[in-house]
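Fold and contact review
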Amino acid sequence: MLRFPSGASFFPPGVLPDARLLLWARGLRAFGDGFVSLLLPYYLTLLGYSALQIGAIVTATLLGSGLMTLGVGFIAHRYRQRTLLELAALLMTATGVAFILTTDFWPLLLIAVLGTINPSTGDASVFAPLEHALLTRTVGAEHRTALFARYTLIGALIGALGAQASGLPILGETWLGLDIKHAVQIMFLLYAALGVISLLLYHRLSPRIEPHGDAPTTPLGQSKRKVYTLAAVFSLDAFAGGFAVQSLLALWLFDRFDLSIVTAGTIFFWTGILSAFSQLAAARLARRIGLINTMVFTHLPSSIFLILVPLMPTLPLALLFLMLRSALSQMDVPTRTSYVMAIVTPGERPAAASVTAVPRSLASAMSPMLAGWLLTLSPFGWPLVICGGLKIVYDLTLLAMFRRVRPPEEERPT
């Protein structure tokens, strides 16, 4: 078991060993997402595509993720979730290989729709709802938020390392004389290899964490209204986030400050580090003020910081507010996941995870093309301002609608 130097366990008490496999798989995917999210716009720029075309491909990746997650939501109660994760890992491998085999726009657009490329720092993929449902079954309610905090910590921390690894093609060009396009394609091959390793990890999951017995996996029933309302509110957040997914944020930095891919990788490494370690603070804060309050009152200032980023006249000042935003922007992720899993019945968890994830993916798919178009009109960074403003509206809406809907562990005794 992973341990801190003091001897304290990395995992909360009573966690089943399968949680470690799920966290390892999350880390591998995060590493791949970390470098692909930065190399994707860089690679497409090398191929001669415009910001609008890059925005279209980013939109296609998110749209495809949403449609696949929707499909999984319809069939998750009929199949073993481990099997569905294994199929998703195979698709990840095929996606990496496919990006190597073609450089034409329309085939790339199709691969973006059908594949698993993730242009954001979050886990906007078909993997997430399946892993969330299984992870919930590895821990008791008391420590659920803490485990999800570690899940998102692993994703953010390893994703930051992946962002730093996006500079490897430049090193390959400098030290080994590789053609830069071929060097980037090698990274897509690495992405495919990570899919194979994830497949092996999923194959080792125990059948005991599959829904069974008195809590079989079912479609949404008694929790349908709450879940659909949450999905609608989350969609606003996701639509806003699509204006500032990491791929497009990197593209804006490339254009506004003439950054290299190596410098951008270092910047996103540190933003990832900041967001990673804030995940652990989220669980402790949630125990004090509640899940909804944690989601809202950490998210509001991060949105304000994002609005300030394009207003800064110099790169150091822009990076300062970008770092401040990163230190708070992801604290709602483990709390949001824990909240959804807490307010539905155990059998509804896979369906609830998919239903809340699908509208997020579809909503986030609508905005990157708009952001790309805005970037062709002005280097100012209007997508960041729009993103921050809409996220503030989301935070206030979530607080107004759900502050009285408490998870079981926050219910006050009567």
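On a predicted model such as this, the values are computed, not experimentally measured, just so you know. (Residues numbered from 1 in each chain as written. Predicted model: local features only at pLDDT ≥ 70, side-chain atom pairs only at ≥ 80, totals over all residues. Heavy atoms only, no water.)

A look at helix α6 (residues 144–165)
What counts here: Each helix is a run of DSSP H or I of at least 4 residues and each strand a run of E of at least 2, with the numbering of both proceeding from the N terminus. A helix's residues, less one, multiplied by 1.5 Å, set its expected span. A simple rule labels every residue: compare its accessible area, found with a 1.4 Å probe on the protein chains alone, to the largest value its type can have, and call it buried under 20%, exposed over 50%, or partly exposed in between.
With 22 residues, α6 ought to run about 32 Å at 1.5 Å a step, and its terminal C-alpha atoms sit 32 Å apart, in line with that. Burial analysis of α6 places 18 of its 22 residues in the buried class, the great majority of the element.

A look at the layout of surface pockets
Quick reminder of the rule: Cavity: a set of points on a 1 Å grid over the protein atoms alone where a 1.4 Å probe fits but cannot get out. Pocket: an open set with protein on both sides within 12 Å along at least five of seven lines, its lining residues, like those of a cavity, having an atom within 4 Å of a point. Grid points are joined across faces, edges and corners, and a volume is the space filled by probe spheres set on the points. Residues are grouped as follows: nonpolar covers Ala, Val, Leu, Ile, Met, Phe, Trp, Tyr, Cys and Pro; charged covers Asp, Glu, Lys and Arg; every other residue, Gly included, is treated as polar.
The volume enclosed by the largest pocket comes to roughly 380 Å³. Element by element, the count of residues in the lining of the largest pocket is highest for helix α11 (residues 261–289), at five residues. Class assignment of the residues belonging to the lining of the largest pocket gives a composition of ten nonpolar, four polar and seven charged.

Observations concerning the pattern of salt bridges
As a reminder of what qualifies: Salt bridge, as used here, is a side-chain nitrogen of Lys or Arg placed within 4 Å of a carboxyl oxygen of Asp or Glu.
As enumerated under the stated definition, the model contains six salt bridges in all. With a shortest N-O distance of 3.7 Å, Asp237 and Arg336 are connected by a salt bridge. Of the two residues, Asp237 is situated in helix α9 (residues 224–241) and Arg336 in helix α14 (residues 332–342); the sequence distance between them amounts to 99 residues. In this structure Asp237 comes out as buried when scored by relative accessible area, which is 2%.

With respect to the packing of aromatic side chains
For any pair of aromatic rings, the description rests on two quantities: the centre-to-centre distance and the angle between the ring planes. Quick reminder of the rule: Any Phe, Tyr or Trp ring, taking Trp's six-membered ring, that has another such ring centre within 6.5 Å forms a pair; planes under 30 degrees apart are called stacked, those over 60 apart edge-to-face, and the others tilted. In this scheme, Lys NZ or Arg CZ marks a charge over a ring once it lies within 6 Å of the ring centre and within 35 degrees of the ring normal.
For the structure on display, the rule yields twelve aromatic pairs. An angle of 85° between the planes, with centres 5.8 Å apart, marks the rings of Trp252 and Phe257 as edge-to-face. We classify Trp252 as buried; its relative accessible area is 2%. One aromatic cluster is present, built from ring pairs that chain together Tyr43, Phe99 and Phe188. Directly above the aromatic system of Tyr151 lies the positively charged group of Arg26, at a separation of 5.8 Å from the ring centroid.

What about the environment of Glu410?
The line we're drawing: By definition, residues are in contact when any of their heavy atoms lie within 4.5 Å. Pairing of N or O atoms within 3.5 Å defines a polar contact, subject to two protein rules: one partner must be a possible hydrogen donor and the other a possible acceptor, and residues neighboring in sequence count only if both atoms are side-chain atoms.
Note that Glu410 resides in the segment after α17 (382–402). If we skip the residues at most four places from it in the chain, Glu410 touches Ala286, Gly290 and Leu291. For Glu410, the side chain forms a polar contact with the main-chain nitrogen of Leu291, separated by 2.9 Å.

Things to note about the packing of α6 against α11
Put simply, the rule reads: The axes are straight lines fitted to the C-alpha atoms, using for helices just the contacting stretch, and the angles between their N-to-C directions are given from 0 to 180°. Reported orientations rely on four angle classes, namely roughly parallel under 35 degrees, roughly antiparallel over 145, roughly perpendicular from 65 to 115, and oblique for the rest.
Between α6 and α11, whose axes approach to 7 Å, the crossing angle comes to 175°. Compared by their axis directions, α6 and α11 come out roughly antiparallel. Residues of the contact of α6 with α11, tallied by class, amount to 16 nonpolar, eight polar and one charged.

Some remarks on the environment of Phe305
Along the polypeptide, Phe305 turns up in helix α12 (residues 291–308). Here the alpha-carbon distance between Phe305 and Leu328, two residues 23 residues apart in the chain, equals 9.6 Å.

Things to note about the packing of helix α1 (residues 18–46) against α11
A packed helix pair is summarised by two numbers, namely the angle formed by the two axes and the spacing between the axes. The criterion, for reference: Here a crossing is called left-handed whenever its near helix is offset anticlockwise from the far helix by less than a right angle, and right-handed whenever the offset is clockwise.
At a minimum axis separation of 11 Å, α1 and α11 run at an interaxial angle of 155°. Judged by the inter-axis angle, α1 sits roughly antiparallel to α11. Two packed elements cross with a definite hand, and for α1 against α11 that hand is right-handed. Contacts from Leu38, Leu39 and Tyr42 in α1 reach Ile261, Ala264, Gly265 and Phe268 in α11. The residue makeup of the contact of α1 with α11, split by class, is six nonpolar, one polar and no charged.

Thoughts on the side chain of Thr138
Within the fold, Thr138 resides in the loop between α5 (127–136) and α6. A residue is classified by how much of its surface remains accessible, and Thr138, at 2% relative accessible area, is buried. The residues touching Thr138, leaving out its near neighbours within four places in the chain, are Gly14, Val15, Leu16, Asp18, Ala19, Leu147 and Ile209.

Concerning the environment of Ile343
With respect to the helices and strands, Ile343 occurs in the loop between α14 and α15 (349–366). Measuring from C-alpha to C-alpha, the distance between Ile343 and Tyr43 comes to 42 Å, with 300 residues separating the pair along the chain. Ignoring anything within four residues of it in the chain, the contact list for Ile343 reads Ser223, Lys226, Leu230, Arg406 and Pro407.

Topic: unusual backbone geometry
A positive phi is found at Asp258, a non-glycine position, where the angle reads about 55°. Among the structural elements, Asp258 can be located in the loop between α10 (246–257) and α11. You can call Asp258 exposed: its relative accessible area is 67%.

As for helix α16 (residues 368–377)
Filter applied, for reference: Within this analysis, the arc is defined by the directions that extend from the helix axis to the C-beta atoms.
Residues of α16 that are buried include every one of Pro368, Ala371, Gly372, Leu374 and Leu375, and no others. End-on view of α16: buried residues confined to an arc of 160°, all on one side of the axis.

Looking at a nonpolar patch on the surface
Our working definition: Only residues whose relative accessible area exceeds 30% and that form no salt bridge enter a patch; like-charged residues are grouped when within 9 Å of one another, and nonpolar side chains (Val, Leu, Ile, Met, Phe, Trp, Tyr) when within 5 Å. Calculation of accessible area relied on Shrake-Rupley with a 1.4 Å probe; when residues are assessed, cover is drawn exclusively from the protein chains displayed.
On the surface, a nonpolar cluster with roughly 630 Å² of combined accessible area is contributed by Leu168, Leu171, Trp175, Leu176, Leu178 and Ile186. Looking at the nonpolar patch, the element that brings in the most residues is helix α7 (residues 168–176), giving four residues. Looking at the secondary structure, you find Leu168 in helix α7. Of the residues examined, Leu168 reaches a relative accessible area of 43% and is grouped as partly exposed.

Topic: the confidence of the model for the protein chain
For clarity, the threshold we go by: pLDDT measures the predictor's confidence residue by residue and takes values from 0 up to 100.
The pLDDT averaged across the protein chain works out to 85; a share of 92% of its residues lies at or above 70. When pLDDT is averaged over each element of the protein chain, helix α8 (residues 180–203) comes out on top at 95 and α15 at the bottom at 75. This stretch, residues 1–8, has a pLDDT under 50; its non-local contacts, to residues over four places away or in other chains, come to eleven contacts.

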